[in-house]
Structure formats: C-alpha cells, structure tokens
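# Close look at the chain arrangement
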Amino acid sequence: QVQLVESGGGLVQAGGSLRLSCAASGRTFYGMGWFRQAPGKEREFVAGISWGGSIYYGDSVKGRFTISRDNAKKTVFLQMNSLKVGDTAVYYCATDPRGYIPTIRSQVDSWGRGTQVTVSS
C-alpha cells in the first residue's frame, strides 16, 4: 500500500483559490485521484491522473480545477480556482494500484486522512 498525506485545505471565499497537495510514500507505481465528501453526501470523484499522465475530471469541476503530479517527489496537486460554496467538503487523496485513474471507491487501495475545504459566500 501507499501512505498518503494531504495538505493545503482551509477557508476561502467564493471565487477564491486553493491548492491541495498529497504526498505519497511507499510503493511508486499507481494512479492517483482526488475525491471529496460533503456532510450527508456520498464520497464523489473530483479529478484523477494516471501513472502515464492521462487526466480526467468530474463534471462539476471541469474548467475550474487542475490536477498534476510530480512522480519524482511522489506528490499530486489539485489547483482549485473559482471555488463555489458547493465545493465545501473534506478532500481525500487516493491511489489505484493498477496505475489507472481511480474514479470509484472500489478501485482505490489507499486513502489519505483528508483535508477540509470550506468555501464561504
């Protein structure tokens, strides 16, 4: 498995930006993704990047969020712009051991503990 530690969450006003980071240790080959979970809601896919660099976004964040990774530093980033109140959630980093983009929970073998993102109106 991979150990994951997220950082970069916080409180921001609507329209603002945040950059999340996820540092990994352990196994080196994996696809990486970001999920989020708001109170009372299911955990949902946000964005992901495969080992080969393919990228995929959830419909609600397309055009606003950008995912990237630094394989040498075992770190994945999520740049979040034009944040909305509806983006408020705990954001989790996750890995897919197949190297693909994890889009559903059953594809994930490791989770971070999460970082809180709160967007105020």
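Here the structure is shown first, and the text comes after it.
Reading the values: rules and limits
Residues numbered from 1 in each chain as written. Predicted model: local features only at pLDDT ≥ 70, side-chain atom pairs only at ≥ 80, totals over all residues. Heavy atoms only, no water. Phe/Tyr/Trp six-rings, centres within 6.5 Å; stacked < 30°, edge-to-face > 60°. Helix = DSSP H or I, 4+ residues; strand = E, 2+ residues; numbered from the N terminus. Buried < 20%, exposed > 50% of the residue type's maximum accessible area, 1.4 Å probe, protein only. Lys NZ or Arg CZ within 6 Å of the ring centre and 35° of its normal. Contact = heavy atoms within 4.5 Å. Polar contact = N/O pair within 3.5 Å; in protein donor to acceptor, adjacent residues only side chain to side chain.

## So, the packing of aromatic side chains
Applying the stated rule across the entire model yields six aromatic pairs. Look at phenylalanine 35 and phenylalanine 45: their rings are 5.8 Å apart centre to centre, the planes differ by 80°, and that puts the pair in the edge-to-face class. Of this pair, phenylalanine 35 sits in strand 4 (residues 31–37) while phenylalanine 45 is found in strand 5 (residues 44–49), placing the two residues 10 residues apart along the sequence. Judged by relative accessible area, phenylalanine 35 falls into the buried class, the value being 1%. With centroids separated by 5.1 Å and ring planes inclined at 70°, the aromatic side chains of phenylalanine 35 and tryptophan 111 adopt a geometry described as edge-to-face. Linking phenylalanine 35 in strand 4 with tryptophan 111 in strand 10 (residues 110–111), this pair joins segments that are 76 residues apart in sequence. On the basis of relative accessible area, tryptophan 111 is assigned to the partly exposed category, the value being 28%. In this arrangement the basic side chain of arginine 43 is found over the ring face of tyrosine 92, its NZ or CZ atom lying 3.7 Å from the centre. Here arginine 43 stacks its cationic end above the ring of tryptophan 111, 4.6 Å away from the centre of that ring.

## Considerations on unusual backbone geometry
The backbone of lysine 74 shows a phi angle near 50°, a positive value even though the residue is not glycine. Structurally, the position occupied by lysine 74 is in the loop between strand 7 (65–70) and strand 8 (75–80). Positive phi values are uncommon outside glycine, yet serine 82 reaches one of about 50°. Using a relative accessible area of 41% as the deciding quantity, one classes serine 82 as partly exposed.

## Side note on the environment of aspartate 96
Examined against the element boundaries, aspartate 96 turns out to sit in strand 9 (residues 89–96). Residue aspartate 96 is classed as buried on the basis of its relative accessible area, which comes to 0%. Remark: the alpha-carbon pair of aspartate 96 and methionine 32, spanning 64 residues in sequence, is separated by 6.2 Å. If we ignore the near neighbours within four places in the chain, the residues touching aspartate 96 are Arg27, Tyr30, Gly31, Ile101, Pro102, Gln107 and Asp109. One polar contact links aspartate 96 to arginine 98, side chain to side chain, over a distance of 2.5 Å.

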